Amino acid sequence: MAHTETPGTEAVPATRLRWWTELPLIVLVYACYSAGRLVVRGDVADAVDHGLAILRVEQALFLNAEHPLNRLFTREPWIGIPADFWYASLHYLVTPAVLVWLFRSHAVRYRAARTWLMTSTFIGLIGFTLLPTCPPRLLDASHGFVDTMAYYSSYGWWGGEASAPRGLGGMTNQYAAMPSLHVGWALWCGVILWKYGRTHLTRTAAVVYPLVTTIVVMGTANHYFLDAVAGAAVMGAGLLLAPRVMRYADLAKARFLPRLAPAPAVPSATHSPIVSAGCQTSAGERIPRQRHPESPYGPGTEPGASPSDAGESAPAPAR
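Residues numbered from 1 in each chain as written. Predicted model: local features only at pLDDT ≥ 70, side-chain atom pairs only at ≥ 80, totals over all residues. Heavy atoms only, no water.

Q: Looking at this structure, how should I read the overall build of the chain?
A: Counting secondary structure elements, the chain contains 10 helices and 2 strands. Going from N to C terminus, the chain has its helices and strands arranged as α-α-α-α-α-α-α-α-α-β-β-α. Taking all 319 residues of the chain together, 35% fall into the buried category. For the chain, restricting intrachain contacts to residue pairs at least 6 apart in sequence, the fraction spanning at least 24 positions comes to 77%. Accessible surface, the chain: about 19,700 Å² in total, of which carbon and sulfur atoms supply 66%. (Helix = DSSP H or I, 4+ residues; strand = E, 2+ residues; numbered from the N terminus. Buried < 20%, exposed > 50% of the residue type's maximum accessible area, 1.4 Å probe, protein only. Contact = heavy atoms within 4.5 Å. Areas by Shrake-Rupley, 256 points an atom, 1.4 Å probe, with all protein chains shown as cover.)

Listed below in structure tokens is the structure:
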């Protein structure tokens, strides 16, 4: 059965997102996230204890991939130096690029994907607050890790303190290691590229980028393997919560922002519509015929009317 809608009740399309409103929103959210990371530094002793506890759990589960990768990155500069550039830059370049690509190419999917990313990012900030964690590179040298960012600092713009530019290392929270949002954001990029990419290149990038990022964060001694697992878990939680976040955002927008005026309803016709002055159409007529409202002739008895116009009960004209 064909679906019909009552006139005037058609769904009004949602407001189209504009880049000049999206860009300030993303910048504001990232600024809040960065400020939050900086403020909630946590206690150093607690952070070191948490880092060592994670390392012990990994060793008990035979998941300690950080040591061999870190030794490889330290021994082979042709691997370690590109890995440091990967860690220090792509985190801030690829994610915005995927957002812009999605906004331009798949605008209908953009809002849900953006909400997923932001929700997961704020969940990660909660993790940094509740569980400050010392990364492997900041542990005592007796634990066998080398900070490749400091080891190869003469090749890049970063200093010995963090991946930030030289002199700005003190403005970063170096104990925001659990969860790894480097891995979480890379996983988000991979899912988006795989789901909406249409070429072999995008599909390949969808697999390579999060996989290599996971290897890089461990080889550079910036994260434990369980940090990477937690980053993936945070993205999963954000994916589940994103629909609810959008629903609450829509409710808040409907409450605090002026509503769009609904489309005016078309009144249903109870009488024959007037097509011109003094001319009407009868119900069931295919072609309107001129008929003055005060015509002395009855229906179907106008001059020139055929028997079918008068109905089955009208007498046939005399021959």
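Q: How do you make sense of helix 9 (residues 225-256) when you look at a structure like this?
A: Across its 32 residues, helix 9 extends 44 Å between first and last C-alpha, which sits within 8% of the 46 Å expected from 1.5 Å per residue. The largest bend along helix 9 measures about 40° and falls at L241, with the proline P243 one to four residues further on. Within helix 9 the residues assigned to the buried category are D227, A228, A230, G231, V234, M235, G238, A242 and M246. Considering only its buried residues, helix 9 is in contact with helix 2 (44-60), helix 5 (107-130), helix 7 (181-196) and helix 8 (200-219). (Expected span 1.5 Å × (residues − 1). Bend = angle between axes of the 7 residues up to and from the residue.)

Q: Can you help me understand the confidence of the model for the chain in this one?
A: Predicted coordinates in areas of low pLDDT are best not read in detail. Scored by pLDDT, the chain comes out at a mean of 77, with 64% of its residues at no less than 70. pLDDT under 50 marks residues 268-272. Its contacts with residues more than four places away, or in other chains, come to 3 contacts. Every residue in residues 305-314 is under pLDDT 50, and counting partners more than four places away or in other chains gives 5 contacts. (pLDDT = per-residue confidence, 0-100.)

Q: What am I meant to see in the packing of aromatic side chains here?
A: Pairs of aromatic rings are described using the distance from one ring centre to the other and the angle between the two planes. Going through the model one piece at a time under the given rule, you end up with 4 aromatic pairs. Here Y151 and Y152 contribute two aromatic rings whose centre-to-centre distance is 4.9 Å and whose plane-to-plane angle is 80°, an arrangement assigned as edge-to-face. Judged by its relative accessible area of 49%, Y151 falls in the partly exposed class. Between Y152 and Y155, the aromatic rings sit 6.2 Å apart at their centres with planes inclined by 70°, giving edge-to-face as the arrangement. Residue class for Y152 comes out buried when judged on its relative accessible area of 3%. Through a chain of ring-to-ring contacts, the aromatic side chains of Y151, Y152 and Y155 assemble into a single cluster. (Phe/Tyr/Trp six-rings, centres within 6.5 Å; stacked < 30°, edge-to-face > 60°.)

Q: Help me understand the nonpolar core in this model?
A: One recurring pattern in soluble globular proteins is that nonpolar side chains are buried together. Of all hydrophobic cores here, the largest spans 24 residues; its most connected members are V98, L102, W116, L117, W188 and I192. Of all elements in the fold, only helix 4 (77-105), helix 5, helix 7, helix 8 and helix 9 reach the threshold of two or more residues within this core. Of all the elements, helix 7 adds the most residues to this core, at 8 residues. Apart from residues lying up to four places away in sequence, W116 is in contact with W188, V191, I192, M235, G238, L239 and A242. (Core = buried A, V, L, I, M, F, W, Y, C linked by side-chain atoms within 4.5 Å.)

Q: Can you walk me through the environment of P68 in this structure?
A: Considering the arrangement of structural elements, one finds P68 in helix 3 (residues 66-75). Look at P68 and you get partly exposed, because its relative accessible area is 42%. For the pair P68 and F145, spaced 77 residues apart in sequence, the C-alpha to C-alpha distance is 9.7 Å.

Q: Even after reading the chapter, I still don't get a nonpolar patch on the surface, so can you show me in this structure?
A: A cluster of nonpolar side chains, V57, L61 and L63, forms an exposed patch at the surface whose accessible area comes to about 230 Å². Within the secondary structure, L63 is located in the loop between helix 2 and helix 3. Since its relative accessible area comes to 31%, L63 is described here as partly exposed. (Patch = residues over 30% accessible without salt bridge, like charges linked within 9 Å, V, L, I, M, F, W, Y side chains within 5 Å. Salt bridge = Lys/Arg side-chain N within 4 Å of Asp/Glu carboxyl O.)

Q: Please explain the pattern of salt bridges as it appears in this structure.
A: It is possible for side chains bearing opposite charge to pair when their charged atoms get close. Inspection of the entire model under this criterion finds 3 salt bridges. Between E76 and R75 there is a salt bridge, and its shortest N-O distance comes to 3.9 Å. Residue classification places R75 among the exposed residues on the basis of a relative accessible area of 53%.

Q: Which parts of the structure should I look at to understand the packing of helix 7 against helix 8?
A: Pairs of packed helices are described in terms of their axes, by the angle between the two and the distance that separates them. Between helix 7 and helix 8, the shortest axis-to-axis distance is 7 Å and the interhelical angle comes to 170°. Considering their axes alone, helix 7 and helix 8 lie roughly antiparallel with respect to each other. Two secondary-structure elements touch here, helix 7 through H182, V183, A186, L187, C189, G190, L193 and W194 and helix 8 through T202, R203, A205, A206, V207, Y209, P210, T213, T214 and V217. When grouped by side-chain class, the residues that make up the contact of helix 7 with helix 8 number 12 nonpolar, 5 polar and 1 charged. (Axes fitted to C-alpha atoms, helices over the stretch in contact; angles between N-to-C directions. Parallel < 35°, antiparallel > 145°, perpendicular 65-115°, else oblique. Nonpolar A, V, L, I, M, F, W, Y, C, P; charged D, E, K, R; others polar.)

Q: I'm lost on the side chain of D84 in this one. Help?
A: As for its position among the elements, D84 is in helix 4. Sequence-distant contacts of D84, that is, excluding residues within four places in its chain, are made with T148, M149, Y152, W158 and T220.

Q: Please clarify how the packing of helix 4 against helix 5 should be interpreted in this entry.
A: Contact geometry of helix 4 with helix 5 gives a least axis separation of 6 Å together with a crossing angle of 150°. With respect to each other, helix 4 and helix 5 are oriented roughly antiparallel. Side by side, helix 4 and helix 5 meet where T95, L99, L102, F103 and S105 of the first sit next to A107, R109, Y110, A113, R114 and L117 of the second. Grouping the constituent residues of the contact of helix 4 with helix 5 by class yields 7 nonpolar, 2 polar and 2 charged.

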